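If you want the building blocks of each chain, they are given just below.
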Amino acid sequence: MTVQEVRLCGLLLQEHFGEVVEKVGIHLLGSGAQILRAIAHETSTPLDLVKKSLCVLVQHGMCEFRRGRRGPGGAVEYHASYERVLRILRYPRYIYTAKTLYGDTGELIVEEVLQRGHMTMSDSVRTVADRLTHNMEEGRSMEYSEVVSAFSKLVETHFLQRCPPVADVGTALPAEAGPGAPAAPAPTLAESHPDRYILPHINLTGRGKRRHPSDDSEVDSKGAKRAKMDASAASDDMGIYWQVNFDRFHQHFRDQAIVSAVASKMDQTSSEIVRTMLRMSEVTTTPTAACTQPLSANEIFRALPPSYSITRPILEQYLSLLVDDPMEFVGKSGESGGGYLHKALASLARATLESVVQERFGSRSARIFRLLLRKRHLEQKQVEDFAMIPAKEAKDMLYTLLSENLVQLQEIPKTPDHAPSRTFYLYTVNPLPTARLLLQHCYKAVGNLIERRLYETKESKRLLEKSQRIEAILASLQASGAEPSQLSEVEEMITAPERQQLQALRNHVNKLDSSENQVDETIFLLESYISSTETSR
Amino acid sequence: MAGRGRGRGRGQLSFNMEAVGIGKGENLPPSTLQPTPIFPPMDHKPIPLQTSEEAEYMLALKQELRGAMKSLPFYIRPAAPKKDVERYSDKYQSSEPTDNTIEWDPDWKRLPRELRIRVRKPLKEKAPTVPRPSKQTHVDKEEIIRKLETLEKKEEVSSDEEGEKRKKQDEEEQEGEEEYDEEEFEEETDYIMSYFDNGEEFGGDSDDNMDEAIY
């Protein structure tokens, strides 16, 4: 874990769970597994706050605990996973994907589950139905059964999965263990559970309830309590919690990236063929596999949706085109073809690297970079010749790339004394370390973006508060049916320059936020490339 | 390296300058003596962000999510530590979050036991209205609370009343500690903690809180 990752984790935790959780989380990330007391001591935070923070982190799956090393009576150790914290950055994308696949209902389900870390099916169905009803016009409401069906679709397609169940419920309860006896300090979560995609049998009938504005305040103050009572009244799925299956989402993102790469490299039809191949292998291939199961042309043909009207001979031609393509997204194994996911990711990552060099150092540096990627090792003289760039400029670019660590230099001495005059200096590009380097740059960039955004909002805090107050006043006036003149009078409390300032601030924040989203796409690509290279080794 | 530029420097280098592509007459770049600028000038302008419906929607989702997370109970705010003076009204109207209440109820079965000790801390909203029951011994209370907790998990329905009972007990505990707290405050002058904090930290069942320095 690097400095940049820790910094980004800290910022994300702070934004989403507050400063206390940030402090505890950063400490856990930095120090590895620790016991409760040590955390409290070293962060000099009150014990209660530490406990609370740990609850939050565990609830969101960002922190895990295990029984101490010194037998069953030992203290429980906690450790946080930075990868899981960094996922927060991608939450909008998960939610958006759920929306494109399963509509508003799917979107809200995934959103709720992400916000709460994990929740029971009945809880999420109820909340989502209520929220949907709230947004509908008066007199209509959302059936629970519709939400249930969306939920089960998400589970069937493995986008949601069960949290591992508690393995030994008995020992986790203090009463059964007795006050004096050494009770198990922590529940053990089952390692593997085969039925993680099996829906519990629940019967939920009814429809979303509309919250009336009049009793809003009451609901807020007692909301938690009441919700809990509601839930306990009707849920048969107590203790079965659902969480978002990030791997499945990542698999989906990866497939989409491959399909769109094929579409832009070749054409729409071939991308549809690749999409069909990927969809067919969704179930049969493990998420981390380097390539899909081989599929025969016949199978692909049968699985193609008839609406594309691709005939068999045309399919054969497209397949041979895809196989011949230097991107190597589709390969041939014997007489049947399979997709090479790892190679596809490598190609995509390589393209990302190339475009980064191009945008930062210009197209001619990118030419040198591509040349090195293709030819592997080149001497300086050869680089100048092959790239057809004047020696002096080529040298300059090469050295710049070298100093940025995008290009590596390898010495191969002819004699054992390493004398420079009798040594080959070979320039080379090593995609994996370069991707890692770039990934760190990305983390740093996101960290900078968040910090800038915090700074911008801090600078105009007063203005933001004012506009919020005025909006609240306006809303309450409108609700009580005030006259238009009154309303406009209140509106004018924000002066024109202030309005401009607010607008500018909003623009800046929007830009920073969407940059974060888009940097995350690059992060995703690089992360999957790195992890797929690691597993395929 | 520092001597490289000075006339005799050439001869001292262990390698031939031509081998790395620097000709005879060429000047070496001057050595830099200061750190690189924080915002170096960019040679190439960055390409604009993608603007599409998708990007905009994701933006809206992101901002909404960030806003929503702040209002969820998972966003932990530390108890506001110091105010100018301690007011009598503080203990009746403070709706500030305190360090030792938890605003949502996790499934304690899934969490280590040491984390859940504070579940028996009261929600303070209802506290002042409850009539005080007669005193009980310390040990008794422990047991009852244990029992109540297990009961609570078994039958969530009745959890409300139990919560109330628990509250009563803690309430009474606080009463006992009140005077002691007052003294502490006088000695330590300006370090004012919220009233309820003290009550609980001290009344706490000595099992965990004692070594935490509060004052």
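Just above, that's the structure.
The paragraphs below set out a description of the structure included in this document. As the structure is a computational prediction, the values presented were derived from the model and not from experiment. (Residues numbered from 1 in each chain as written. Chains lettered and ligands numbered in written order. Predicted model: local features only at pLDDT ≥ 70, side-chain atom pairs only at ≥ 80, totals over all residues. Heavy atoms only, no water.)

If you tally the helices and strands in chain A, you get 23 helices and 11 strands. Split into buried and exposed, the 537 residues of chain A put 48% on the buried side. For chain A, the proportion of contacts with a sequence separation of at least 24, taken over those separated by at least 6, is 66%. Total accessible area computed for chain A in this model is approximately 26300 Å², and 52% of it derives from carbon and sulfur atoms. (Helix = DSSP H or I, 4+ residues; strand = E, 2+ residues; numbered from the N terminus. Buried < 20%, exposed > 50% of the residue type's maximum accessible area, 1.4 Å probe, protein only. Contact = heavy atoms within 4.5 Å. Areas by Shrake-Rupley, 256 points an atom, 1.4 Å probe, with all protein chains shown as cover.)

Scanning chain B from terminus to terminus reveals 6 helices and 0 strands. Evaluated residue by residue, chain B yields a buried proportion of 37% over its 215 residues. Considering only contacts within chain B whose residues lie at least 6 apart along the sequence, 57% involve residues at least 24 apart. A total accessible area of about 13900 Å² is found for chain B, and carbon and sulfur atoms account for 53% of it.

Residues and elements named next belong to chain A. When the terminal C-alpha atoms of helix α21 (residues 461-479) are compared, their 27 Å separation across 19 residues agrees well with the 27 Å that a helix rising 1.5 Å per residue should span. All of the buried residues in α21 are Leu 463, Lys 466, Ser 467, Ile 470, Leu 474 and Leu 477. On an axial view of α21, the arc spanned by its buried residues comes to 95 degrees, and they lie on one face. Facing away from the buried side of α21, by more than 90 degrees, are the exposed residues Gln 468, Arg 469 and Ala 479. Phi for Gly 481, located one or two positions after α21, is positive at around 70 degrees. (Expected span 1.5 Å × (residues − 1). Arc of directions from axis to C-beta.)

Right, let's get into the sheet that holds strand β10 (residues 408-413) of chain A. Residues and elements named next belong to chain A. What the 3 strands build is an open sheet, ordered β9-β11-β10; its pairing is antiparallel. Single-partner strands in this sheet number two, and they are β9 (377-379) and β10. Direction aside, the axes of adjacent strands within the sheet are offset by 40 degrees on average. For β9 and strand β11 (residues 423-428), the ladder comprises 3 bridges, and the chain directions are antiparallel. By the bridge assignment, Glu 379 is partnered in β11 with Leu 426. (Pairing = 2+ DSSP bridges. Axes fitted to C-alpha atoms, helices over the stretch in contact; angles between N-to-C directions.)

What follows is about the environment of Cys 291 of chain A. Residue position: Cys 291 of chain A is located in the loop between α13 (268-284) and α14 (297-303). Between the C-alpha atoms of Cys 291 of chain A and Ser 363 of chain A, which are 72 residues apart in sequence, the distance is 33 Å.

Core analysis: the largest hydrophobic core is formed by 113 residues, its most contacted members being Phe 17, Leu 54, Tyr 78, Ile 109, Val 110, Ile 368 and Leu 372 of chain A. Considering every element that reaches this core, the biggest residue donor is helix α6 (residues 91-116) of chain A, with 10 residues. (Core = buried A, V, L, I, M, F, W, Y, C linked by side-chain atoms within 4.5 Å.)

Attention now moves to the pairing of β11 of chain A. Residue and element names in this part refer to chain A. The buried fraction of β11 amounts to 5 of the 6 residues, a majority that puts the element mostly inside the structure. As judged from the 6 bridges shared by β10 and β11, these two strands associate in the antiparallel manner. Bridging from a neighbouring strand, Leu 409 pairs with Tyr 427 of β11.

Residue and element names in this part refer to chain A. The strand order across the open sheet formed by 3 strands is β1-β3-β2, and the pairing between neighbours is antiparallel. Single-partner strands in this sheet number two, and they are β1 (34-35) and β2 (63-66). With 4 bridges joining them, β2 and strand β3 (residues 77-80) adopt antiparallel strand pairing. Bridging from a neighbouring strand, Cys 63 pairs with Ala 80 of β3. The strands touched by helix α2 (residues 19-31) are β1, β2 and β3; relative to β3, the strand with the most contacts, the crossing angle is about 95 degrees.

Time to look at unusual backbone geometry. All names here are of chain A. The phi dihedral of Ser 44 is positive, around 40 degrees, even though this residue is not glycine. One can find Ser 44 in the loop between α3 (36-43) and α4 (47-59). With relative accessibility at 60%, the residue Ser 44 sits in the exposed group. Positive phi values are uncommon outside glycine, yet Met 388 reaches one of about 55 degrees.

Residue and element names in this part refer to chain A. Within the structure shown, the criterion is met by 12 aromatic pairs over all chains. With a centroid separation of 6.4 Å and 70 degrees between ring planes, the pair formed by Tyr 102 and Phe 159 is classed as edge-to-face. Note that Tyr 102 is positioned in helix α6 and Phe 159 in the loop between α8 (144-156) and β5 (160-162), a separation of 57 residues in sequence. Between the aromatic rings of Phe 159 and Phe 249, the centroid separation amounts to 4.7 Å while the plane-to-plane angle is 50 degrees, which identifies the pairing as tilted. On the criterion of sequence distance, the pair formed by Phe 159 in the loop between α8 and β5 and Phe 249 in helix α12 (residues 246-265) is long-range, its members being 90 residues apart. Note on Phe 159: relative accessible area 3%, which makes it buried. The exposure class of Phe 249 is buried, given its relative accessible area of 1%. Grouping aromatic residues by their ring pairs yields a cluster made of Tyr 91, Tyr 94, Tyr 102, Phe 159, Phe 246, Phe 249, Phe 253 and Phe 524. Over the aromatic face of Phe 524 sits the side chain of Arg 93, whose NZ or CZ is 5.3 Å from the ring centroid. Above the face of the Phe 301 ring, Arg 312 is positioned so that its terminal group lies 5.8 Å from the ring centre. (Phe/Tyr/Trp six-rings, centres within 6.5 Å; stacked < 30°, edge-to-face > 60°. Lys NZ or Arg CZ within 6 Å of the ring centre and 35° of its normal.)

Within this structure, the stated rule accounts for 29 salt bridges over all chains. In this structure, the salt-bridge partner of Arg 116 of chain A is Glu 112 of chain A, at a minimum N-O distance of 3.0 Å. Separated by 4 residues within a single helix, Arg 116 of chain A and Glu 112 of chain A lie in helix α6, roughly one turn from each other. We classify Arg 116 of chain A as partly exposed; its relative accessible area is 25%. In this structure, Asp 513 of chain A and Arg 66 of chain B form a salt bridge, with 3.0 Å as the shortest nitrogen-oxygen distance. In this pair, Asp 513 of chain A sits in helix α23 (residues 496-536) while Arg 66 of chain B sits in helix α2 (residues 53-71), so the two residues belong to two different chains. Each member of the pair, Asp 513 of chain A together with Arg 66 of chain B, is buried. Members of the salt-bridge network, linked through shared partners, are Glu 15, Arg 453, Asp 513 and Glu 516 of chain A together with Lys 62 and Arg 66 of chain B. (Salt bridge = Lys/Arg side-chain N within 4 Å of Asp/Glu carboxyl O.)

Next up on the list: the side chain of Thr 428 of chain A. Residues and elements named next belong to chain A. Following the sequence through the fold, Thr 428 ends up in strand β11. On the accessibility criterion, Thr 428 (12% relative accessible area) is buried. Engagement of the side chain of Thr 428 in a polar contact is seen with the backbone oxygen of Arg 376, the distance being 3.1 Å. Thr 428 has contacts with Leu 372, Arg 376, His 377, Val 407 and Gln 408, leaving out every residue within four places of it along the chain. (Polar contact = N/O pair within 3.5 Å; in protein donor to acceptor, adjacent residues only side chain to side chain.)

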